[in-house]
Amino acid sequence: MTDLFHSSTASLHDPAQPPKWVGFALVAPEQGIDLASQGLTYGVPADLPGVVAGDRVWVPLGKGDKVVPGYVLQTATTLDLPADKLRRVKGIKRVDPAGLSLTPDLIELARWMAAYYCCPLGMVLVTMLPAAVKHGTGTKTRLFVRLNPQATEVVPSDQPVKAQARKLTKLQRAALDVLHQRDATDDPWIELRELADLVGAKGTSSLSALIDRGLLLATPRAVVRGDRDGSGGHWETDAEPVTPQPLAPEELTLTPAQEAAGRRIGDALVKGFGVHLLHGVTGSGKTEVYLRLIERLLNGQTADPAPSALVLVPEIALTPQTVSRFIARFGQRVAVQHSGLSASHRHEQWRRIRTGQASIVVGARSAVFAPLPNLRLIIVDEEHDASYKQDQLPRYHGRDLAVRRAQMLGIPVVLGSATPSLESYFNATNPQGRGYHLHELPDRVAGQALPKVRIVDLQEDRRLRRGVHLLSTQLEEALSKTLADGGQAILLLNRRGYANYIACPDHRCGWMLNCDHCDALMVYHKHGSLPAGGLVRCHHCGAEQLLPAQCPVCARRVTVFGLGTQRVEEEISRKFPGVPMLRMDSDTMRTGKDYHRGLESFRRGELRVLLGTQMIAKGLDFPNVRLVGVISADTAIHMPDFRASERTFQIVAQVAGRAGRSEHPGLVIVQTFSPHEPAITLAAAHDYKAFAEREIALRLQVGLPPATRLARVVVRDRDARRAADHAQQLADALSAANEQLGNAIRLRGPMPCPIARLADYHRLEIQLLAPDAVTLQKLLTAVRNDRLLKSDARTAVDVDPVSLL
């Protein structure tokens, strides 16, 4: 083990006498420096003999010996170093006073991440530990009590009080009963306020009298208490969380496919690592399979610590129903991690996880770092969702990290989706699928049928109608019938704002309003209270201005055209006056609280129409939704990204699945100018298999993922010439390293990014297409070791990117 330690001038000093260390530790400082990619060697002083891998410690760094936090990667009792270097090794200053640490498997995962995603190890470790935990947010001092074993008058309430005992009140006696029961447990201590709540006391004064009388022992303790939000501590909202009426497991009858999938995956719980792709149509009961798997894991297990499970969901604020089902089934054993929690609540939840008080974690992307002891099962719901990919350092993919963590622990991981990513489906259907297994749920539960889907050709519809209409004749008629029958409707348009083009009406002029800071068009957002009638805003950098009144070139009055959710809302209000409706996009839903309130109103039937962007396309289960309308299925299909067809299929299929989840049949109307586009026609036919096979075959022909592995290096600079020079230097370095590896990797570029200028930065990219991940990593590691490639403010290295914009 000692040969893995690396000394560095950053961790050496020159004392007159060599210090006497009781051991050595490899430490990664919390610094974004590639110098510490493998960690630095420090001595363990005699007063800190218990330092182990995962501990957060404070160490001197650099010539100035600045004391910084870091994490112990591994330890050793001796080092094979020359005497002159050994005597100059610096020592660990102290262990984190709060006792913070990461589990050994997370340390191993961090080291893999730093290498695979080309990111400094210290930065990865910073990501793993929430800031609220490091800052001790929500830490308070509370008084804990227990029975005093020396007290003579303490007896249970069903026994006569000794003659010398003074009279106790009913609440005091109840408190003593509770403490008698706790005395038989491993932890007889309880917080005084919690004890008062248990016995129904309004305050703690009557129970504090028991301390004064010597009946109880008391001690102060530092504890973490999160801010409560009125919803069981799980949601930052005044509204009730959107919760389906849960049935007890014995009241639910599984379909044969659910039973078969649950049985096969459940048998794998004791067989070690395996990736199980659960492909089920919308409404097929994937969540119930997850719940049964966790029940099977927890029931009948006697391990110490108890087995635990991790469930990842995309954008947890957008999937409240799924989360609520886990809480309804498992109660206090569930900890929730998401960005909507207050800092103190995040700290409290992390502590519950780290100490084993919570055995199930449900959370978004960063929950993959939950420090669960004895983790035995990982589930990734909606595994295809792009929100699992982080777009800043470290640029990791939550699903892929879940698979890697499961592999390191030797446990199964379940990936669930109605529209799996082509990478996962390719691995699960490929004979060389590296431990992937496919499980299918082809039918909806309770005999429900998949909704009928109609494709409307907008060109044909507009030819037959006068004027401009965003809702086709078929969609208008279907919406009118749905509302008359007492049903609800969901309408999707994945474009916010009012209009996405602001231009001169004279085609000879050709002026269009572009962002001053990006190579992108501005979008009009209508706002009646503003003098110009609204704002124009860049959806990339956030720049905004008032809508100009006239063309700056020819002085004609500007016109706005295109579409957005605001414009659709306006048309529905005009054609269906008085119908209660809610628009859901990032302009109206500023917080998770707004989103939850809106969904709850829709669930109660107070709203009849829900209009929104992709945030309404997934995870929602409302039985009275009988109509789904896709205003335009073309918003993504023509994007300059090889995954455009896949994303189009996924969003159409996902939102279509919101309809017909009850005895009422569902109808989906998809409006498009490309009615013969396979991504749209196959989504309408609910035929994922045909789409996947066709799309994978096309990508195989041109050597794109999932048949290959892709990395993207993006260079940016405010000066276009500097950006071009830097990009060319990187391309030359990558080309030279590739030549040494036998030119196994295809290099593209440097070339401008699809959005070549973003927030005043000029952007160029180099794409690397490798036959496999190992070959790709060899090239990236070689250039990185030569200090020619690093992720910083000017260079972004994105391995396995999900967006090429």
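Preceding block: the structure.
Everything in this summary refers to the structure shown in the same document.

1. Digging into the overall build of the protein
Right, on to step 1. On a plain count of helices and strands, the protein comes out with 22 helices and 30 strands.
Right, on to step 2. Counting all 805 residues of the protein, 54% fall into the buried class.
Right, on to step 3. Expressed as a percentage of contacts within the protein between residues at least 6 apart in sequence, the contacts between residues at least 24 apart total 75%.
Right, on to step 4. Carbon and sulfur atoms make up 50% of the accessible area of the protein, which totals about 35300 Å².

2. Focus on the sheet that holds strand 8 (residues 216-224)
Right, on to step 1. Across the sheet, 3 strands lie side by side as 7-6-8; this open sheet has antiparallel pairing. Two strands close off the open sheet at either side, each with one partner strand: strand 7 (190-191) and strand 8.
Right, on to step 2. As paired strands, strand 6 (residues 139-147) and strand 7 are joined by 2 bridges and run antiparallel to one another. Bridging across to strand 7, V145 finds its partner in I190.
Right, on to step 3. Its contacts with the sheet put helix 5 (residues 170-182) on strand 6, strand 7 and strand 8, and the angle it makes with strand 6 is roughly 90°.

3. Quick word on the packing of aromatic side chains
Right, on to step 1. Per the counting criterion, the structure on display carries 10 aromatic pairs.
Right, on to step 2. Ring centres 6.0 Å apart and planes at 90° place the aromatic pair W112 and Y117 in the edge-to-face group.
Right, on to step 3. What makes Y117 buried here is its relative accessible area of 1%.
Right, on to step 4. Arranged with centres 5.2 Å apart and planes meeting at 85°, the rings of F602 and F622 form a pair that is edge-to-face.

4. Quick word on helix 6 (residues 192-199)
Right, on to step 1. Restricting attention to buried positions, one finds in helix 6 the residues L192, L195, A196 and V199. Relative to the axis of helix 6, the buried residues are bounded by an arc of 100° and lie together on one face. Summarising the geometry of helix 6, the exposed residues directed more than 90 degrees from the buried face are D197 and L198.
Right, on to step 2. Contact partners of the buried residues in helix 6: strand 6, helix 5, strand 7 and helix 7 (205-212).
Right, on to step 3. At the C-terminal side of helix 6, G200 shows a positive phi close to 80°.

5. As for the pairing of strand 29 (residues 761-770)
In regular strands, side chains alternate between the two faces of the sheet.
Right, on to step 1. Extensive coverage of strand 29 is indicated by the burial of 9 of its 10 residues.
Right, on to step 2. With 9 bridges joining them, strand 27 (residues 709-717) and strand 29 adopt antiparallel strand pairing. Within strand 29, the residue paired with R712 across the bridge is Q767.
Right, on to step 3. Summarising the sheet, strand 28 (residues 746-758) and strand 29 pair through 7 bridges and their orientation is antiparallel. Opposite L747, over in strand 29, you have L768 as the bridge partner.
Right, on to step 4. Connecting strand 28 to the antiparallel partner strand 29 that follows it, the hairpin turn spans 2 residues, and A759 within it adopts a positive phi of roughly 50°.

6. Regarding helix 22 (residues 773-785)
Right, on to step 1. Between its first and last C-alpha, helix 22 extends 18 Å over 13 residues, near the 18 Å set by a 1.5 Å rise per residue.
Right, on to step 2. When helix 22 is considered as a whole, its buried residues turn out to be T775, L776, Q777, L779, L780, V783 and R784.
Right, on to step 3. In this structure, the buried side of helix 22 is in contact with helix 2 (104-116), strand 27, helix 21 (720-740), strand 28, strand 29 and strand 30 (795-799).
Right, on to step 4. For helix 22, the capping residue at the N-terminal end is D772, with a side-chain oxygen 3.2 Å from the backbone nitrogen of V774.
Right, on to step 5. Count one or two residues on from helix 22 and you reach R787, which has phi positive near 60°.

7. Points about unusual backbone geometry
Right, on to step 1. The step from L393 to P394 runs through a cis peptide bond, and the omega angle for that step is -15°.
Right, on to step 2. Within the fold, P394 resides in the loop between strand 13 (375-381) and helix 12 (398-409).
Right, on to step 3. The linkage connecting G749 with the following residue, P750, adopts the cis geometry, with an omega of 10°.
Right, on to step 4. With a phi close to 55°, C118 is a non-glycine residue in the positive phi region.
Right, on to step 5. The phi angle at N743 is positive, at roughly 55°, despite the residue not being glycine.
Right, on to step 6. Its location among the elements puts N743 in the loop between helix 21 and strand 28.

8. Quick look at the side chain of T648
Right, on to step 1. On the secondary structure map, T648 appears in helix 18 (residues 644-656).
Right, on to step 2. At a separation of 3.0 Å, a polar atom in the side chain of T648 contacts the main-chain carbonyl oxygen of A644.
Right, on to step 3. With residues up to four places along the chain from it excluded, the contact list for T648 reads A633, A636, I637, A679 and I680.

Parameters and conventions
Residues numbered from 1 in each chain as written. Predicted model: local features only at pLDDT ≥ 70, side-chain atom pairs only at ≥ 80, totals over all residues. Heavy atoms only, no water. Helix = DSSP H or I, 4+ residues; strand = E, 2+ residues; numbered from the N terminus. Buried < 20%, exposed > 50% of the residue type's maximum accessible area, 1.4 Å probe, protein only. Contact = heavy atoms within 4.5 Å. Areas by Shrake-Rupley, 256 points an atom, 1.4 Å probe, with all protein chains shown as cover. Pairing = 2+ DSSP bridges. Axes fitted to C-alpha atoms, helices over the stretch in contact; angles between N-to-C directions. Phe/Tyr/Trp six-rings, centres within 6.5 Å; stacked < 30°, edge-to-face > 60°. Arc of directions from axis to C-beta. Expected span 1.5 Å × (residues − 1). Polar contact = N/O pair within 3.5 Å; in protein donor to acceptor, adjacent residues only side chain to side chain.

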